[in-house]
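Each chain is listed here by its residues.
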Amino acid sequence: MKDFDLIIVGAGFAGLACAEAAARHNLRTLVLERKHDPGGNIQTTGILVKELADEWDVPQRLTRRISGVRLYGPSLDWIDLSSPGYCFLATDTPALMQWQLRQAETAGARIRLDTPYTASRYLNGRHYLATGDIRGRFLAGCDGARSRVARNY
């Protein structure tokens, strides 16, 4: 049985940022990602707000400054966002995801691709994954709006 301090489900922006931070604080960290390629089949805008861009040291080759964005809702209604002196960063999202994955691995996080989360149970202070070979003190559901982790608990 492999034992971790933190198991993270989902290798998107949130999951990989969480993994990198946890690993840098010497937590034994595992990320499970159902996809073979975290940068493939992206389901996000890839737009970063200025406040995040100011705090996150993303390689400049992966971003481009833009002065405004147009956001569309499911109904195709849209809203333009812009403000004098404000900027957003448009990203090369697949490349950014791969860079972020490497950052998490370099910090010490273990990444398991092609490994979907199916279920887990909580017993005696540990989360036991349905795979039977992994347990962890904490389980973070970074697997999107229709989180399987959230539905499980």
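Provided above is the structure to which this section pertains.
Residues numbered from 1 in each chain as written. Predicted model: local features only at pLDDT ≥ 70, side-chain atom pairs only at ≥ 80, totals over all residues. Heavy atoms only, no water.

Comments concerning a nonpolar patch on the surface
Argument step 1. Among the surface-exposed residues, Leu-71, Ile-79 and Leu-81 lie close enough to one another that they form a single nonpolar patch of about 230 Å² accessible area.
Argument step 2. As for its position among the elements, Ile-79 is in strand β6 (residues 78–82). (Patch = residues over 30% accessible without salt bridge, like charges linked within 9 Å, V, L, I, M, F, W, Y side chains within 5 Å. Areas by Shrake-Rupley, 256 points an atom, 1.4 Å probe, with all protein chains shown as cover. Salt bridge = Lys/Arg side-chain N within 4 Å of Asp/Glu carboxyl O. Helix = DSSP H or I, 4+ residues; strand = E, 2+ residues; numbered from the N terminus.)

So, the packing of aromatic side chains
How two aromatic rings sit relative to each other is set out by the distance from centre to centre and by the angle between their planes.
Argument step 1. Following the criterion strictly, the structure yields three aromatic pairs and no others.
Argument step 2. Relative to Trp-56, the ring of Phe-13 lies with its centre 6.3 Å away and its plane at 90°, an arrangement referred to as edge-to-face. Note that Phe-13 is positioned in helix α1 (residues 13–24) and Trp-56 in the loop between α2 (50–55) and β4 (63–66), a separation of 43 residues in sequence.
Argument step 3. Residue Phe-13 is classed as partly exposed on the basis of its relative accessible area, which comes to 23%.
Argument step 4. Both rings, one in Tyr-86 and one in Phe-88, keep their centres 5.2 Å apart while their planes meet at 75°; by these two values the pair is edge-to-face.
Argument step 5. Cluster of aromatic residues (ring-pair linked, three or more members): Phe-13, Trp-56 and Trp-99.
Argument step 6. Just above the ring of Trp-78 sits the side chain of Arg-70; from NZ or CZ to the centre is 3.6 Å. (Phe/Tyr/Trp six-rings, centres within 6.5 Å; stacked < 30°, edge-to-face > 60°. Buried < 20%, exposed > 50% of the residue type's maximum accessible area, 1.4 Å probe, protein only. Lys NZ or Arg CZ within 6 Å of the ring centre and 35° of its normal.)

Points about the pairing of strand β7 (residues 88–91)
Argument step 1. Judged by which residues are buried, β7 turns out to be covered on both faces: Phe-88 and Ala-90 on one side and Leu-89 and Thr-91 on the other are all buried.
Argument step 2. Here four bridges tie β4 to β7, and the two strands are oriented antiparallel to one another. What sits directly across from Arg-64, in β7, is Ala-90. (Pairing = 2+ DSSP bridges.)

Quick notes on α1
Argument step 1. With 12 residues, α1 should reach 16 Å at 1.5 Å per residue; the first-to-last C-alpha distance of 17 Å fits that figure.
Argument step 2. All of the buried residues in α1 are Gly-15, Leu-16, Ala-19, Glu-20, Ala-22 and Ala-23.
Argument step 3. On the buried face of α1, the contacting elements are β1 (2–9), β2 (29–32), α3 (93–107) and β8 (110–112).
Argument step 4. Asn-26 occupies a position one or two residues after α1 and carries a positive phi of about 65°. (Expected span 1.5 Å × (residues − 1). Contact = heavy atoms within 4.5 Å.)

With respect to the sheet that holds strand β11 (residues 134–141)
Argument step 1. Pairing is mixed across the open sheet formed by six strands, whose spatial order is β8-β2-β1-β11-β10-β9. This sheet does not close on itself; its edge strands, each paired only once, are β8 and β9 (120–123). Put simply, the sheet's adjacent strands are angled 40° from each other on average, direction ignored.
Argument step 2. Taken together, the three bridges between β2 and β8 define a ladder with parallel strand orientation. (Axes fitted to C-alpha atoms, helices over the stretch in contact; angles between N-to-C directions.)

As far as function goes, none of this settles anything; it's purely spatial.
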